[in-house]
Amino acid sequence: MNALPISQARDADLRFSQKAMERAAARAGQMAVQTGTALIVFRNGRVEAIPPAGNHESIHTTQTGKEPESDYDEKS
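Presented here is an overview of the structure given in this document.

Evaluated as defined, the whole model comprises two salt bridges. The residue Lys19 makes a salt bridge to Glu22 at a minimum N-O spacing of 3.9 Å. In this pair, Lys19 and Glu22 both sit in helix α2 (residues 17–35), three residues apart, roughly one turn of the helix. Taking relative accessible area as the criterion, Lys19 reaches 52% and is therefore assigned exposed. The exposure class assigned to Glu22 is partly exposed, which follows from its relative accessible area of 38%. A salt bridge links Glu48 to Arg43; the nearest nitrogen and oxygen atoms lie 2.6 Å apart.

So this is what it looks like as structure tokens:
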């Protein structure tokens, strides 16, 4: 595994992937507010449904659920 941060990667696609993910997350949040749907995120090993709101204060009052166990063997 490379110890360098992604921002220093040789591959331009990899270097800019973090910013692209941030833009996608922001757009998903905007769409959730516009459509009145919850924003589903995976954080700290749990799936969380963040209710739509014009601000991010609702992020602390989310409904959470534990992710189901995977069928994959982690030893591979």
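Text resumes after the structure shown.
A few words on a nonpolar patch on the surface. On the surface, Ile40, Phe42 and Val47 cluster together into a nonpolar patch covering about 290 Å² of accessible area. With respect to the secondary-structure elements, Val47 resides in strand β2 (residues 46–50). What makes Val47 partly exposed here is its relative accessible area of 34%.

What counts, and at which threshold
Residues numbered from 1 in each chain as written. Predicted model: local features only at pLDDT ≥ 70, side-chain atom pairs only at ≥ 80, totals over all residues. Heavy atoms only, no water. Salt bridge = Lys/Arg side-chain N within 4 Å of Asp/Glu carboxyl O. Helix = DSSP H or I, 4+ residues; strand = E, 2+ residues; numbered from the N terminus. Buried < 20%, exposed > 50% of the residue type's maximum accessible area, 1.4 Å probe, protein only. Patch = residues over 30% accessible without salt bridge, like charges linked within 9 Å, V, L, I, M, F, W, Y side chains within 5 Å. Areas by Shrake-Rupley, 256 points an atom, 1.4 Å probe, with all protein chains shown as cover.

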